[in-house]
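One letter stands for each residue in the lines below.
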Amino acid sequence: MKPFTYERATTPANAAAAAVRTPGAKFIAGGTNLLDLMKLEIEAPQHLIDVNGLALDKIEPTPEGGVRIGALVSNTDLASDERIRRDYGVVSRAIVAGASGQLRNKASTAGNLLQRTRCPYFYDTNQPCNKRKPGSGCSAIGGVSRQLGIIGTSEACIATYPSDMAVAMRVLDAKVETVSANGATRAIPIADFHRLPDATPHIETNLAAGELITAVTLPRPIGGLHIYHKVRDRASYAFALVSVAAVIQSDGTGRVAVGGIAHKPWRIEAAEAAMPQGAKAVASRLLAGATPTHDNAFKVPLVERTLGAVMAEARKT
Amino acid sequence: MQNSNDLELSRRAVVLGGAASVALTTISTGTALAQSAQVVGPQLATIPVALEINGKVRDLHLDTRTTLLDALREHLQLTGTKKGCDHGQCGACTVLVDGVRINSCLSLAVMHQGNKITTIEGLGTPDNLHPMQAAFIKHDGFQCGYCTPGQICSAVAVLEEIKSGVPSHVSGNLTETSKATNAEMRERMSGNICRCGAYSNILEAMTEVAGEPA
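Residues numbered from 1 in each chain as written. Chains lettered and ligands numbered in written order. Predicted model: local features only at pLDDT ≥ 70, side-chain atom pairs only at ≥ 80, totals over all residues. Heavy atoms only, no water.

### Here's the deal with the overall build of chain B
Then comes step 1: Counting its regular elements, chain B contains nine helices and five strands.
Then comes step 2: Each helix and strand of chain B, placed in order from N terminus to C terminus, yields the pattern α-α-α-β-β-α-β-β-β-α-α-α-α-α.
Then comes step 3: Counting across all 214 residues of chain B, residues that qualify as buried make up 52%.
Then comes step 4: Sequence separation of 24 or more characterises 50% of the internal contacts of chain B that already satisfy a separation of 6 or more. (Helix = DSSP H or I, 4+ residues; strand = E, 2+ residues; numbered from the N terminus. Buried < 20%, exposed > 50% of the residue type's maximum accessible area, 1.4 Å probe, protein only. Contact = heavy atoms within 4.5 Å.)

As structure tokens, then:
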């Protein structure tokens, strides 16, 4: 690990200001992803701003009838919250489908959103990777790509975004609340929060320099059956090959988002109109223009089958 | 305390080599060398931190990079907690922080100022075993023993998590509290790897402590 200086932030705006002022600064909350990457020197911040003292660890009702989840609420606390379990079950289900108990206890809500890819070439510092070292090339294209992206990829990067929680938040139209160094706040719809790789895969979100996530809000509950179905290489503690977050109403209409296939949670609202016609109709619209590799072409039918399983479960219930 | 810090620094200096080791040496040998040494990147930072470990407050002065795991093992000689993968994948480093299990390898010691940390040494002693330690012995819940401290800390916390209503991937109904069934305990222990494969005996030990039929 490279040496770094360390400070404990006192207010969210001060944290954001410190991040702008200090060269090479990064926020640290749970640290479960950042420290892993720092040990490998994939991340090498010169200064860490510890945000754990910022009292952003509450889940509160919003005036609109939804909930505001503080950026520092741990994944375990979020998945265990009574309101989340009752009204936003897909979020609880998605969280407990990911990582291990130890990691979920430490990982924060904001940190989960900012998780970096587990592309093996991003992790292998001996290999070119445009995300780790812009302009160095993509080893995954033409390499071992079984886990990697099938849609929204670019000539610079075919990495996938690894969070389960964010796929559920995408299906619920969450908003990401932030504060900037000058104290300005804004709410970013989760659809616009993560970016596609295009020519700049090292820029993964639309956060500005120093902008700090303070909360994630979920709108008023939409009812329906909440399902998170994750397909992976082992039954527990593995990243998704394909995952589906769904909220399905009793008349068969609903919403779906897919994880494990793109650089962001993948949701095409127009595809949801096809839900009464079945999984094939939805999948063909969701994956229109997909560019799978030889290794991960299996994900195309797997998306359809996972959607089918989710829709069958909804009909059964 | 100072002696053990010195030992740790010299060991690391040998292992790491290069700029980092020069920088580390500057701490133990004082300012004269610090002024002449070439430090790459930001000045090496150390910071005081007070941790309450197994009921005792321990004051340390640590390189900011020190993980909670390394603080325990290398600075406090609490070597019960084990380093396996050092990347949060194996669970050998599991400890309890304010009663909650975490991977101590993926947490900086300086981020635990004022926290109450319980390691395997604090759960029980050979003369006064924690019920989970006694159950692991009775049911042969280990072979080589390397993952065992992490398994036991995790097992103790898993039963607490079930009692306090934390859901899991195999929980049937999200609005009900889970029970300590085989399926629940297996799922919740998936962050602790045992290369000897003592899983079934670990489960029997946990089942006995949980007080539920296997």
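### Structural notes on the sheet that holds strand S6 (residues 175–179) of chain A
Residue and element names in this part refer to chain A.
Then comes step 1: In spatial order, the strands read S4-S5-S8-S6-S7; together these five strands make up an open sheet with antiparallel pairing. The strands lining the two open edges of the sheet, one partner per strand, are strand S4 (59–61) and strand S7 (185–189). Going from strand to strand, the sheet's axes swing by 25° on average, the running direction of each strand aside.
Then comes step 2: Bridge count for S6 against S7 is five bridges, and the pairing is antiparallel. Across the sheet, the residue bridging to Lys175 is Pro189, located in S7. (Pairing = 2+ DSSP bridges. Axes fitted to C-alpha atoms, helices over the stretch in contact; angles between N-to-C directions.)

### Overview of the interface of chain B and chain A
Then comes step 1: Contact residues are listed per partner, giving 43 residues for chain B and 40 residues for chain A.
Then comes step 2: Considering only the side of chain B, the residues that lose the most area to chain A are Leu106, Met111 and Leu174 of chain B, jointly responsible for 20% of the buried surface there.
Then comes step 3: The tally of links between chain B and chain A comes to one salt bridge.
Then comes step 4: The residue Lys39 of chain A makes a salt bridge to Asp86 of chain B at a minimum N-O spacing of 2.8 Å.
Then comes step 5: If you list the elements that add at least two residues to the side of chain B that touches chain A, you get strand S4 (100–103) and helix H7 (148–163) of chain B.
Then comes step 6: Sort the elements by how many residues they give to the side of chain B that touches chain A and S4 of chain B lands first, with four residues. (Buried area = accessible area lost by both parts, 1.4 Å probe. Salt bridge = Lys/Arg side-chain N within 4 Å of Asp/Glu carboxyl O.)

### A closer look at the packing of helix H10 (residues 279–286) of chain A against helix H11 (residues 299–316) of chain A
Residue and element names in this part refer to chain A.
Then comes step 1: Where H10 meets H11, the axes come as close as 9 Å, and the angle between the chain directions of the two elements is 135°. What the angle tells us is that H10 and H11 run oblique. Seen from above, H10 lies across H11 with right-handed handedness. Touching Ala279, Lys280, Val282, Ala283 and Leu286 of H10 are Glu304, Leu307, Gly308 and Met311, all from H11.
Then comes step 2: In terms of residue class, the contact of H10 with H11 is built from six nonpolar, one polar and two charged. (Parallel < 35°, antiparallel > 145°, perpendicular 65-115°, else oblique. Left-handed = near helix turned anticlockwise from the far one by under 90°. Nonpolar A, V, L, I, M, F, W, Y, C, P; charged D, E, K, R; others polar.)

### Looking at the state of the cysteines
Then comes step 1: Following the criterion strictly, the structure yields zero disulfides over all chains and no others.
Then comes step 2: Looking at the unpaired Cys157 of chain A, the closest cysteine sulfur is the one in Cys138 of chain A, lying at 5.8 Å.
Then comes step 3: On the basis of relative accessible area, Cys157 of chain A is assigned to the buried category, the value being 5%.
Then comes step 4: You can see Cys194 of chain B has no disulfide; the closest cysteine sulfur is in Cys147 of chain B, sitting 3.9 Å from it. (Disulfide = S-S within 2.5 Å.)

### A word on the nonpolar core
All names here are of chain A.
Then comes step 1: Ranked by size, the top nonpolar core spans 50 residues in total, and within it Ile69, Leu78, Val90, Val91, Leu113, Met169 and Leu218 carry the most contacts.
Then comes step 2: When residues in this core are grouped by element, the largest group, six residues, is from helix H9 (residues 165–171).
Then comes step 3: Ignoring sequence-local partners within four residues, the contact set of Val90 consists of Ala168, Val171, Leu172, His226, Ile227, Tyr228, Ala245, Ala246 and Val247.
Then comes step 4: One finds Ile151, Ile227, Ala271 and Leu302 within the second-largest nonpolar core, a separate group that totals 28 residues. (Core = buried A, V, L, I, M, F, W, Y, C linked by side-chain atoms within 4.5 Å.)

### Some remarks on unusual backbone geometry
Residue and element names in this part refer to chain A.
Then comes step 1: For Asp173, which is not a glycine, the phi torsion comes out positive at approximately 60°.
Then comes step 2: Tracing the chain through its elements places Asp173 in the loop between H9 and S6.
Then comes step 3: Residue classification places Asp173 among the partly exposed residues on the basis of a relative accessible area of 34%.
Then comes step 4: Unusually for a residue other than glycine, Tyr237 sits at a positive phi of about 60°.
Then comes step 5: With respect to the helices, strands and loops of the structure, Tyr237 is situated in the loop between strand S9 (225–231) and strand S10 (242–248).
Then comes step 6: On the basis of relative accessible area, Tyr237 is assigned to the buried category, the value being 10%.

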